[in-house]
Amino acid sequence: WATKHLVALPAEFYPYPLEKTLTVGIPLGTQFEYVTPILQQQFRHELGLPRDGKIVVLTGGGNGAELLNKAVLDSATVLLKNFKDLIIITIAGRAGEQALTKAYDSLLTGVDRSRSRVLGFVSDMYRYTGAADIVIARAGATTLAELAVQGKASLIVPAAQLTGGHQVKNVATFEKHQAI
């Protein structure tokens, strides 16, 4: 019944009539901008992160990504042992924050535990991804657009189980344009 369908990705990805579908992209907040080395340092300062450390930020969106969280948790001991300047920040989602914090508490101690941070939800994601050296994330269209605008190195793991495999399609669009 719609006169026009305005969509984020190529029109053929959507179940709408092509003649009524227009690709317009994804609106992003103005705080998402290309991250220069100076801006990256500013974000690190604002977040109380070391200037010269290596920062990995893991996010699964507002609800977190339980499988990604577990994969990083399972690797944390080795990563932190082998990379003494590494800091792992996991934005676990409100539902996953407490359990993941307990898991890190039982796995790590001392300095290593202080180099692994778990947050439930952040309203300033641009600061965290901007401060990062690499971001591990799901392939939601908004997340991909935000990381692309910031020019962030990313490891993208689509959640293939989501309705219609839209995250796989999102990644395919970036791959088609040689963005990955």
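Data block above holds the structure.
Residues numbered from 1 in each chain as written. Predicted model: local features only at pLDDT ≥ 70, side-chain atom pairs only at ≥ 80, totals over all residues. Heavy atoms only, no water.

Asks: Please give an account of the overall build of the chain that cites residues and values.
Replies: Regarding its fold elements, the chain presents seven helices and seven strands. Order of helices (α) and strands (β) in the chain, N terminus to C terminus: β-β-α-β-α-β-α-α-β-α-β-α-β-α. When the backbone C-alpha atoms are referred to their principal axes, the chain occupies close to 60 × 35 × 25 Å. Expressed as a percentage of its 180 residues, the buried residues of the chain come to 41%. Long-range pairs, those at least 24 residues apart, make up 60% of the contacts in the chain between residues at least 6 apart in sequence. Here the chain displays about 10400 Å² of accessible surface, and carbon together with sulfur accounts for 58% of that area. (Helix = DSSP H or I, 4+ residues; strand = E, 2+ residues; numbered from the N terminus. Buried < 20%, exposed > 50% of the residue type's maximum accessible area, 1.4 Å probe, protein only. Contact = heavy atoms within 4.5 Å. Areas by Shrake-Rupley, 256 points an atom, 1.4 Å probe, with all protein chains shown as cover.)

Asks: Lay out the packing of helix α6 (residues 141–150) against helix α7 (residues 166–176) with the relevant residues and their values.
Replies: Taken N-terminus to C-terminus, the directions of α6 and α7 make an angle of 30 degrees; their axes are 9 Å apart at the nearest point. Here α6 is positioned roughly parallel relative to α7, judged by the angle of their axes. For the pair formed by α6 and α7, the contact residues are Ala 141, Leu 144, Ala 145 and Ala 148 on the first element and Asn 170, Val 171 and Phe 174 on the second. (Axes fitted to C-alpha atoms, helices over the stretch in contact; angles between N-to-C directions. Parallel < 35°, antiparallel > 145°, perpendicular 65-115°, else oblique.)

Asks: Talk me through the side chain of Arg 113; I want residue IDs and the actual numbers.
Replies: Mapped onto the elements of the fold, Arg 113 is located in helix α4 (residues 110–114). In this structure Arg 113 comes out as buried when scored by relative accessible area, which is 17%. One polar contact links Arg 113 to Asp 105, side chain to side chain, over a distance of 2.6 Å. Contact partners of Arg 113, with chain neighbours within four places excluded, come to Thr 101, Tyr 104, Asp 105 and Leu 108. (Polar contact = N/O pair within 3.5 Å; in protein donor to acceptor, adjacent residues only side chain to side chain.)

Asks: I'd like to hear about the pattern of salt bridges, residue by residue, with values.
Replies: According to the stated counting rule, one finds six salt bridges in the structure shown. Of the charged contacts in the structure, one is a salt bridge between Asp 105 and Arg 113, with a shortest N-O distance of 2.6 Å. Salt-bridge contacts for Asp 124 lead to Arg 127; the nearest nitrogen and oxygen are separated by 3.1 Å. Taking the relative accessible area as the measure of exposure, Asp 124 reaches 17% and is therefore buried. Relative accessible area serves as the criterion here: at 22%, Arg 127 is assigned to the partly exposed category. A network of salt bridges, in which partner residues are shared, links Glu 46, Asp 124 and Arg 127. (Salt bridge = Lys/Arg side-chain N within 4 Å of Asp/Glu carboxyl O.)

So far we have only geometry, and geometry alone does not tell us how the molecule works.
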